[in-house]
Structures are given as C-alpha cells and as structure tokens.
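This is what each chain is made of:
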Amino acid sequence: MLPRAGIFVVALLALPAQAQASEALWALLKSGGQVVIMRHAATDSTAGDRDTMRLEDCSTQRNLSPSGRDEARRIGSAFRARGITVDDVRSSVWCRCLDTATLAFGMANPWLPLNSLFRNRDREPGQTGAVRELVIHHRGGTLILVTHQVNITALTGLYPAEGEMIVLTPRGGDFTVAGRVKPADVTQN
C-alpha cells in the first residue's frame, strides 16, 4: 500500500497526461467531423423535477444553478477560444438542457429524441436509435447534443457528470468514444 505522500505524487504525475489528453480532444474537435454529447450543466440539487412537471414551464423543473450557468458559459468560451466550428446544437426540450445549449453556444435546436428517458424507459430503443443514427451519419464540423445522463448512458454505457462532454467519432456505421472532457477540465486556451 502506498503511503499518502506516494498517492499524492502518483496523482500529480497523472495531471500532465490528463491535460495532454484534454488538449488532444480539443484538437480533434477543431479538425471537425466529431459529435459532442453532453449532459446539461450543473443544476440546483435541492430541487427536483415535480411530479406535475410540464416541459413548457421551467418553474416545474430542476434548473441550472448559478454555477451551472457559469459552467455553460465557460464551455462555450472554450470552444470559441480554440476556434472550434460548431455546425449545429441540438437539445432536449427540458429547460436545463436548452439553457445549457443557449448559454454555451448561443443557440439550441430542440430535438425530441434527446428528451429524458428517466420516466419512460419504453421510449429508450426509439430515442437512442435516432440519436445513434444521427451520430454515425454526421459529417462536417462539430455537432453538439445536449441531453440527460440517462440518455447518454443508454447510448454510450458511460455515466457523465453534469456538464461533462463525451466526444464521439463516427466510424463506418458506428462510433467510437474519443474521450471525455469534464467541467473542471474546461479552460479557455
């Protein structure tokens, strides 16, 4: 077993590798042809979605926290600072996703297959299939998809944190996960 000092040294040695991996993902995004599927930014964890939630009424939903709003702006700033062309931004129609997309990228095109599957898992095959088709046929610049943890897990098998971005590379009828960018790793270049 490593003493505490040894664990700290191992953690410090991993930091440059994480930074290099993150910068490699940013470079990949700049080259185009990638899809970023991201979970909405940080929310107010003290408020849940009401049982009487209505998609057209944000006051009935769990919304972005002030730090989540800042997080979304930082994500957009990081894309702009790196000169990454964003061709399209699609979003779940839930307020926290629309707000994340708009604050980060200045636009949000509502797309129903990105709506949360949490309360109705019967929709999972159809919605996940539609997202998969969009991802594998994507060509051009960067496509951003803003959605919910449950949807991302259904598509990729990964469990993202709030505000986390997963970079997907279309590959001949499928896709690969190129990597992940956590909110703490988002800095302006």
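Please refer to the structure placed before this passage.
What you see is a predicted model; the values in this text were computed from it and never measured.

Colleague: What is the right way to look at the pairing of strand β5 (residues 165–171) in this model?
Modeller: β5 sits mainly inside the fold: 6 of its 7 residues count as buried. Direction of pairing for β5 relative to strand β6 (residues 174–181): antiparallel, over a ladder of 7 bridges. Residue pairing in the sheet places M165 in a bridge with V181 of β6. What sits between β5 and β6 in their antiparallel hairpin is a turn of 2 residues, with G172 showing a positive phi close to 40 degrees.

Colleague: Got a minute to help me understand the environment of V150 in this structure?
Modeller: Of note, V150 is situated in helix α5 (residues 149–156). We classify V150 as buried; its relative accessible area is 10%. With 26 residues separating them in the primary sequence, V150 and E124 have C-alpha atoms 9.5 Å apart. Beyond its immediate chain neighbours, meaning those up to four positions away, V150 contacts S116, L117, F118 and R121.

Colleague: How should the packing of aromatic side chains be read in this particular structure?
Modeller: Given two aromatic rings, their pairing is described by the distance between the two centres and the angle made by the two planes. Counting across every chain of the model gives 2 aromatic pairs. An angle of 80 degrees between the planes, with centres 5.2 Å apart, marks the rings of W26 and F79 as edge-to-face. You can see W26 sitting in helix α1 (residues 4–31) and its partner F79 sitting in helix α2 (residues 66–81), a full 53 residues away along the chain. The same class applies to W26 as to F79, namely buried. Pairing F79 with F105 gives two aromatic rings, centres 5.1 Å apart and planes at 85 degrees, and the pair type is edge-to-face. Remark: F105 occurs in helix α3 (residues 95–105) and F79 occurs in helix α2; sequence separation between them is 26 residues.

Colleague: What is the right way to look at the sheet that holds strand β1 (residues 35–39) in this model?
Modeller: Note on sheets: strands pair through backbone hydrogen bonds, and any given pair is parallel or antiparallel. One open sheet accounts for 6 strands, arranged β3-β2-β4-β1-β5-β6; its pairing is mixed. Unpaired on one side and paired on the other, β3 (109–110) and β6 mark the two borders of the sheet. As judged from the 5 bridges shared by strand β2 (residues 86–91) and strand β4 (residues 142–147), these two strands associate in the parallel manner. When the bridges of β4 are listed, S91 appears paired with V146. Those strands touched by helix α4 (residues 124–136) are β1, β2, β4, β5 and β6, and its axis lies near 90 degrees from that of β6.

Colleague: Would you mind going over the environment of T169 with me for this structure?
Modeller: You can see T169 is positioned in strand β5. For the pair T169 and G179, spaced 10 residues apart in sequence, the C-alpha separation works out to 9.5 Å. Residue contacts for T169: discarding those within four places in its chain leaves L28, Q34, D174, F175, T176 and A178.

Colleague: What am I meant to see in α2 here?
Modeller: Counting along an α-helix, one turn takes 3.6 residues, and residues three or four places apart therefore face a common direction. The terminal C-alpha atoms of α2 lie 22 Å apart, and with 16 residues this matches the ideal 22 Å at 1.5 Å per residue to within 8%. G68, E71, A72, I75, G76, S77, A78 and F79 are the residues of α2 that are buried. G83 occupies a position one or two residues after α2 and carries a positive phi of about 65 degrees.

Colleague: What is the right way to read the packing of α2 against α3 from this model?
Modeller: A packed helix pair is summarised by two numbers, namely the angle formed by the two axes and the spacing between the axes. At a closest axis distance of 7 Å, the pairing of α2 and α3 adopts a crossing angle of 40 degrees. When the interaxial angle is binned, α2 and α3 end up oblique. The way α2 lies across α3 gives a crossing that is right-handed. When α2 is examined against α3, the residues R69, A72, R73, I75, G76, F79 and R80 are found in contact with a partner set consisting of D99, T100, L103, A104 and F105. In terms of residue class, the contact of α2 with α3 is made up of 6 nonpolar, 2 polar and 4 charged.

Colleague: Explanation requested: the packing of α4 against α5 in the structure shown.
Modeller: Two elements in contact, α4 and α5, have axes whose closest approach is 10 Å; the angle formed by their N-to-C orientations is 70 degrees. Overall, the two elements α4 and α5 adopt an arrangement that is roughly perpendicular. Contacts between α4 and α5 involve E124, Q127, T128, V131 and R132 on the former and, on the latter, N151, A154 and L155. Taken together, the residues of the contact of α4 with α5 break down into 3 nonpolar, 3 polar and 2 charged.

Conventions and cut-offs
Residues numbered from 1 in each chain as written. Predicted model: local features only at pLDDT ≥ 70, side-chain atom pairs only at ≥ 80, totals over all residues. Heavy atoms only, no water. Buried < 20%, exposed > 50% of the residue type's maximum accessible area, 1.4 Å probe, protein only. Helix = DSSP H or I, 4+ residues; strand = E, 2+ residues; numbered from the N terminus. Pairing = 2+ DSSP bridges. Contact = heavy atoms within 4.5 Å. Phe/Tyr/Trp six-rings, centres within 6.5 Å; stacked < 30°, edge-to-face > 60°. Axes fitted to C-alpha atoms, helices over the stretch in contact; angles between N-to-C directions. Expected span 1.5 Å × (residues − 1). Parallel < 35°, antiparallel > 145°, perpendicular 65-115°, else oblique. Left-handed = near helix turned anticlockwise from the far one by under 90°. Nonpolar A, V, L, I, M, F, W, Y, C, P; charged D, E, K, R; others polar.

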